[in-house]
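Topology and contacts: notes
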Amino acid sequence: MKKIGFIDYYLDEWHANNYPVWIDEYNRKHGTDFKVACAYGETDVPSRGGLSSSEWCARFGAEECRSIEEVCEKSDFILILAPSDPEKHLGYAEKVFPYKKPVYVDKTFAPDYRSAAEIFALGEKYGTPFFSTSSLRCAEEIADTENAFSATVTGGGSDFDEYVVHIVEMTVKIMGMGAVRVQSIKKGEVVTVNVFYGDGRSSEMVYSVCEPYSVTVKTRDGKHFFKKIESDYFAILIARMMDFFVGKPVFFDTRQTLEVMKIREAAIESLKNNGSVVKI
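Read on for a plain summary of the structure. (Residues numbered from 1 in each chain as written. Predicted model: local features only at pLDDT ≥ 70, side-chain atom pairs only at ≥ 80, totals over all residues. Heavy atoms only, no water.)

Description of the overall build of the protein
Within the protein, the regular secondary structure consists of eight helices and 13 strands. Relative to the compact-globule value of 19 Å for 280 residues, the protein shows a C-alpha radius of gyration of 19 Å, a close match. On the principal axes, the C-alpha backbone points of the protein span a range of 50 × 40 × 40 Å. In the protein, which comprises 280 residues, the proportion classed as buried is 55%. Put simply, of all contacts in the protein between residues at least 6 apart along the chain, 73% involve residues at least 24 apart. A total accessible area of about 12,500 Å² is found for the protein, and carbon and sulfur atoms account for 48% of it. Across the protein, the centroid of the 34 positively charged side chains sits 4 Å from that of the 42 negatively charged ones. (Helix = DSSP H or I, 4+ residues; strand = E, 2+ residues; numbered from the N terminus. Rg over C-alpha atoms; globule rule 2.2 N^0.38 Å. Buried < 20%, exposed > 50% of the residue type's maximum accessible area, 1.4 Å probe, protein only. Contact = heavy atoms within 4.5 Å. Areas by Shrake-Rupley, 256 points an atom, 1.4 Å probe, with all protein chains shown as cover. Lys, Arg positive; Asp, Glu negative; His and termini not counted. Charge placed at Lys NZ, Arg CZ, Asp CG, Glu CD.)

With respect to the sheet that holds strand β2 (residues 34-41)
Taken in spatial order, the six strands of this open sheet run β3-β2-β1-β4-β5-β6, and their pairing is parallel. The strands lining the two open edges of the sheet, one partner per strand, are β3 (63-64) and β6 (130-132). In terms of strand pairing, strand β4 (residues 77-80) meets strand β5 (residues 103-105) through three bridges, oriented parallel. Pairing of I78 across the sheet is with V103, part of β5. In the packing of helix α4 (residues 89-96) onto the sheet, the strands contacted are β1 (2-8), β4 and β5, and the crossing angle to β4 comes to about 165°. (Pairing = 2+ DSSP bridges. Axes fitted to C-alpha atoms, helices over the stretch in contact; angles between N-to-C directions.)

Focus: a negative patch on the surface
A cluster of acidic residues, D24, E25, E140 and D232, forms a negative patch at the surface. Mapped onto the fold, D24 is located in helix α1 (residues 14-30). Note on D24: relative accessible area 36%, which makes it partly exposed. (Patch = residues over 30% accessible without salt bridge, like charges linked within 9 Å, V, L, I, M, F, W, Y side chains within 5 Å. Salt bridge = Lys/Arg side-chain N within 4 Å of Asp/Glu carboxyl O.)

Description of the packing of aromatic side chains
Counted according to the given criterion, the structure contains 22 aromatic pairs. Between Y9 and Y10, the ring centres sit 5.7 Å apart and the planes meet at 55°, which makes this aromatic pair tilted. Residue classification places Y9 among the partly exposed positions, given a relative accessible area of 23%. These aromatic residues form a ring-pair network of at least three members: Y26, F34, F77, Y104, F131, F244, F245, F251 and F252. The residue whose ring lies beneath K107 is Y163, and the NZ or CZ to ring-centre distance is 4.9 Å. Taking the ring centre of F252 as reference, the NZ or CZ of R137 above it sits at 4.0 Å. (Phe/Tyr/Trp six-rings, centres within 6.5 Å; stacked < 30°, edge-to-face > 60°. Lys NZ or Arg CZ within 6 Å of the ring centre and 35° of its normal.)

Describing the sheet that holds strand β7 (residues 150-155)
As summarised here, the arrangement of the seven strands in space is β12-β11-β7-β10-β9-β8-β13, forming an open sheet in which the pairing is mixed. Either end of the sheet is taken by a strand with one partner, and the two such strands are β12 (224-228) and β13 (278-279). Against the sheet, helix α8 (residues 255-272) touches β8 (179-187), β9 (190-197), β10 (202-207) and β13, its axis set at about 40° to β8.

Brief notes about the packing of α4 against helix α5 (residues 113-126)
Interaxial distance between α4 and α5 falls to 10 Å at its minimum, and their mutual angle equals 5°. In this view, α4 runs roughly parallel relative to α5, as classed from their interaxial angle. Contacts between α4 and α5 involve H89, L90, A93 and E94 on the former and, on the latter, S115, E118, I119 and L122. Classifying every residue of the contact of α4 with α5 by side-chain character gives four nonpolar, two polar and two charged. (Parallel < 35°, antiparallel > 145°, perpendicular 65-115°, else oblique. Nonpolar A, V, L, I, M, F, W, Y, C, P; charged D, E, K, R; others polar.)

Some points on the side chain of S203
Along the chain, S203 turns up in strand β10. Excluding residues that lie within four positions of it along the chain, S203 makes contacts with A151, T171, M175, V193, N194, V195 and Y197.

Here's what the structure looks like:
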């Protein structure tokens, strides 16, 4: 059995409640034996109520651990979760990375670019293999699109700071690296984030609470296409995660994670400053 350990701020949250199910589905499809074997929640019961750590572990058949170190010792692979609390990720990484076991860090990777760079530095210091991504990077609709000429990406969620990472991740997947300026403009409940690149290209992201995920792309050879994001991108993410755990290389250039963090931070800063242009 390949043992996966969960580390979370609190365990009764959407990702932790769904990843074990999807991992089991992956096992049935591929004949593998990955198992969420143990878990640790820093906060025993979420402030909004819900399952305690022991109740969560009983539900999912995992051993409850009393420390991050215990999870690391008892696991082959580690998921740093806390998807709604990215400010926890650096502190968790400081304890996890010295064990040098493969790590997946959930979205949002870090609260800001500086923290993201520190996590990358830890990975280099200890030689720890890790990656992080929004599940939306895995959408089949954008699988073969890179270094496009322009793109409009739409999406939503209940909170801009938390959920904008999904459309930023898709934008970086489609456009590649090289963003130099970002501007966020809010009109009513809609936020439009304009991203400008050093080579003259540009893209935009359109965010509102109930906005569906979609992409409109112009390729470098002048072709256009529009696609709604309807594929099972979470199942694809789980497959990519399991591939990584057994030694396959990360499926994208992980430097793009730092680009995602730069753009996200600049988009939030611009929004808070009434649409000012932020250089990155």
